[in-house]
Amino acid sequence: MRLLAFIAIAGFMIAGPVAEQVFGVQSAWLRSWTMFSAIGLGVVDASFEIRQPDGALAPLDRFAMLGARRDGRLKWIDSGEELALVIKRLCTAAGQGADIRVRARQATRGGWQIIHTDTENACAD
Amino acid sequence: MPAQTDAAADWSGWRLAHAMAARFVHWAVDTEGSSRSSALIRIGLAMLFWSRWAGELLLYMDQSPAGLFLAANFFVATTLLFVGYQSRVAAVWTGAVGLAMYHYFGFQLGREPWTHHHTYLLAVSALLIALTPCGASYSLDRYLAVMRAERMGLPPPAERGNLLGLRLIVVQLSVLYFFAAFDKSGYAFSSGARIEAIFLWYYAGSDYPAIPGLAWLATLVSLAVVALEYSLAFGLPFRATRRYLLLPGLAFHAIIYVTLPVYTFSATMVLLYLAYFDADAVDRVIARLQGIGPTAGEETS
């Protein structure tokens, strides 16, 4: 009796993650062990540079340029659309003719995905 | 005579497999041992339930009939579990409350983060501790049993029992570690990308810190985490490897406890580590620390 109970309970413990993590079956009744696998997905790692009058590119502090708090909403860019809005605000703040270069990558289930390169002036878009 | 040699080898292999299976079955379902480590887990689980949910389940928090019913069940069941009255029933009751919170209030009603891993782990741990002699030590059940024995002129009952529940906790922990590592066994995690994303999400925001070598460090940490989790899955159940894995395992849980919102997950895992140890060995350590004898019925050699 105890052996049957052990096999049944241990089998249930193993069946949950096997069903979801191996066979992709999603159910609230089966527990997988994929802790923190979705945390951070979508977050954008972005860096900004602005061309100086002498032609050199210098790091651009988006918080200083936009007069925003460093621990406020602007700290996190969570999507490509949000990045586009930040770029638009930076270009407006920098003034007409500004040359801002943006390098950005976004966290996906497959790893980092490049969503913006600094080959062109982002304000020219 | 190669045929006879093969037959002998087959027979020897079958006997070895049979002996290993018999040993495993004995370990899994026939082991009797001290009830003190089970009792410590029982008390610890009750405290973890309170630590995680008591604040959220105070009677004024959700005054709907379902909310009040849940809160009443929660506090009565966990209090019985803590003091150890009808301990195994209280463990089942507490586990059922935990599963109701996880399935009904979490998944059906969308109450978060009640669908998270730490909720499920606490609930199933309470159910599994019901399959141990968790009420035979450090409990009101024990006090009442001793009083009863004294009245009848009998020696106090042994603080021992079948350890099926502890074995199942060991299986649960190994399954958890294995599939946690399995989930990380791909390029996204081993490249360091997932840890970097988690770091940005909680700490740095969208500005990757300008620290030289940080990407390499993320990769190294990621590989170490995967290796550690596989090692914990297969190594902690065995005494020979446990001695090398115990501290890394505890350190791992301590680190994620202070760096990530894992709630009671780390504390539950550390508490459940007690299940890995021989229950009589735990008993002997307690006896030495308290200057008292081991539980009745245990060999003292």
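Check the entry above for the structure.
Residues numbered from 1 in each chain as written. Chains lettered and ligands numbered in written order. Predicted model: local features only at pLDDT ≥ 70, side-chain atom pairs only at ≥ 80, totals over all residues. Heavy atoms only, no water.

### Concerning the state of the cysteines
All names here are of chain A.
- In total, this model carries one disulfide over all chains according to the counting rule given.
- Note that Cys 91 is cross-linked by a disulfide to Cys 123, the S-S spacing being 2.0 Å. Disulfide Cys 91 to Cys 123: torsion about the S-S bond roughly -90°, handedness left-handed. Note that Cys 91 is positioned in helix α3 (residues 80–94) and Cys 123 in the segment after β4 (111–116), a separation of 32 residues in sequence.
- Cys 91 gets classed as buried once you look at its relative accessible area, which sits at 14%. (Disulfide = S-S within 2.5 Å. Helix = DSSP H or I, 4+ residues; strand = E, 2+ residues; numbered from the N terminus. Buried < 20%, exposed > 50% of the residue type's maximum accessible area, 1.4 Å probe, protein only.)

### A closer look at the pairing of β4 of chain A
All names here are of chain A.
- As paired elements, strand β3 (residues 100–108) and β4 share five bridges and run antiparallel to each other. Paired with Thr 108 across the bridge in β4 is Gly 111.
- The turn joining β3 and β4, which pair antiparallel and follow one another in sequence, is formed by two residues. (Pairing = 2+ DSSP bridges.)

### So, the interface of chain A and chain B
- Facing 40 residues of chain A, the contacting portion of chain B comprises 47 residues.
- Carbon and sulfur atoms supply 69% of the area buried between chain A and chain B, which totals about 3,800 Å² over both sides.
- Of all residues in chain A, Phe 6, Arg 31 and Trp 33 of chain A give up the largest surface area on contact with chain B, accounting jointly for 21% of the area buried on that side.
- At the surface where chain A touches chain B, the tally comes to one salt bridge.
- A salt bridge links Arg 62 of chain A to Asp 207 of chain B; its shortest N-O distance comes to 2.6 Å.
- In this structure, the connection of chain A to chain B is made through 15 residue pairs in polar contact (both at pLDDT 80 or more).
- Listed by contribution, the elements that provide at least two residues to the side of chain A that touches chain B are α1 (2–22), β1 (44–51), α2 (62–66), β3 and β4 of chain A.
- For the side of chain A that touches chain B, the element with the highest residue contribution is α1 of chain A, accounting for twelve residues. (Contact = heavy atoms within 4.5 Å. Buried area = accessible area lost by both parts, 1.4 Å probe. Salt bridge = Lys/Arg side-chain N within 4 Å of Asp/Glu carboxyl O. Polar contact = N/O pair within 3.5 Å; in protein donor to acceptor, adjacent residues only side chain to side chain.)

### Quick look at the sheet that holds β3 of chain A
- Strands sit in the order β2-β1-β3-β4 (chain A) across an open sheet of four strands; the sheet is antiparallel. What marks the edges here is a single partner per strand, and that holds for β2 (57–59) and β4 of chain A. When strand polarity is set aside, the average angle formed by the axes of neighbouring strands in this sheet is 25°.
- Judged from the three bridges that link them, β1 of chain A and β2 of chain A form a sheet pairing that is antiparallel. The partner of Arg 51 of chain A across the bridge, within β2 of chain A, is Leu 57 of chain A.
- The sheet strands contacting α3 of chain A are β1, β3 and β4 of chain A, and the helix crosses β3 of chain A at an angle near 165°.
- Lying on the sheet, helix α9 (residues 193–204) of chain B is in contact with β1, β3 and β4 of chain A; it crosses β4 of chain A at an angle near 65°. (Axes fitted to C-alpha atoms, helices over the stretch in contact; angles between N-to-C directions.)

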